[in-house]
Amino acid sequence: MFQEEKNIDTLSQKVLELIEKYQSLLTENEMLRQEVIKAKAEAEAKNIQIAKLEKDLIYKGIGSDDLLSKIEAVLGK
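Here's what I pulled together on the structure shown here. Quantities reported herein were computed from a predicted structural model and do not represent experimental measurements.

What to know about the overall build of the chain
Across its full length, the chain carries 2 helices and 0 strands. Against the globule reference of 11 Å for 77 residues, the chain gives a C-alpha radius of gyration of 27 Å, more extended than a compact globule. Taking the principal axes of its C-alpha atoms as reference, the chain extends roughly 90 × 20 × 10 Å. Looking at the chain residue by residue over its 77 residues, the buried ones come to 9%. Surface accessibility of the chain: about 6900 Å² in total, with carbon and sulfur atoms responsible for 60%.

Side note on the nonpolar core
One finds Ile 50, Leu 53, Leu 67, Ile 71 and Val 74 forming the largest nonpolar core, which totals 5 residues. The set of elements that each furnish at least two residues to this core consists of helix H1 (2-60) and helix H2 (64-75). Examining the composition of this core, we find that 3 residues originate from one element, H2, more than from any other. Ignoring any residue separated from it by four or fewer positions in sequence, one finds Ile 71 in contact with Ile 50 and Leu 53.

Considerations on the pattern of salt bridges
The tally for this structure, following the rule as stated, stands at 2 salt bridges. The partner of Arg 33 in a salt bridge is Glu 30, and the shortest N-O contact between them spans 2.9 Å. Remark: Glu 30 and Arg 33 occur in helix H1; sequence separation between them is 3 residues, near one turn of the helix. Of the charged contacts in the structure, one is a salt bridge between Asp 56 and Lys 52, with a shortest N-O distance of 3.4 Å. Remark: Lys 52 and Asp 56 occur in helix H1; sequence separation between them is 4 residues, near one turn of the helix. Since its relative accessible area comes to 13%, Asp 56 is described here as buried.

Remarks on the environment of Asn 7
One can find Asn 7 in helix H1. For Asn 7 and Ile 19, which are 12 residues apart along the polypeptide, the C-alpha to C-alpha distance reads 18 Å.

Here's the deal with a nonpolar patch on the surface
A cluster of nonpolar side chains, namely Val 15, Leu 16 and Ile 19, defines an oily patch on the protein surface of about 260 Å² accessible area. For Val 15, the position within the fold is in helix H1. Overall, Val 15 belongs to the partly exposed group, its relative accessible area being 47%.

Cut-offs and rules
Residues numbered from 1 in each chain as written. Predicted model: local features only at pLDDT ≥ 70, side-chain atom pairs only at ≥ 80, totals over all residues. Heavy atoms only, no water. Helix = DSSP H or I, 4+ residues; strand = E, 2+ residues; numbered from the N terminus. Rg over C-alpha atoms; globule rule 2.2 N^0.38 Å. Buried < 20%, exposed > 50% of the residue type's maximum accessible area, 1.4 Å probe, protein only. Areas by Shrake-Rupley, 256 points an atom, 1.4 Å probe, with all protein chains shown as cover. Core = buried A, V, L, I, M, F, W, Y, C linked by side-chain atoms within 4.5 Å. Contact = heavy atoms within 4.5 Å. Salt bridge = Lys/Arg side-chain N within 4 Å of Asp/Glu carboxyl O. Patch = residues over 30% accessible without salt bridge, like charges linked within 9 Å, V, L, I, M, F, W, Y side chains within 5 Å.

Below is the structure:
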């Protein structure tokens, strides 16, 4: 009987540890999901900016060196 109680206590402790780990992983997963959303939004903004610069090149006849430097500035290079 004592051994059964000890086993139940041990199992209860393990279950609590698993629940805590699960909650921790849920939180981490949400943080990573938010980072991915932010990165996608930043990439989309850069793509829009690059497309605008390409249109500027076509319509305004900007030299390729000037456009390249603007694109590199957008990309942070």
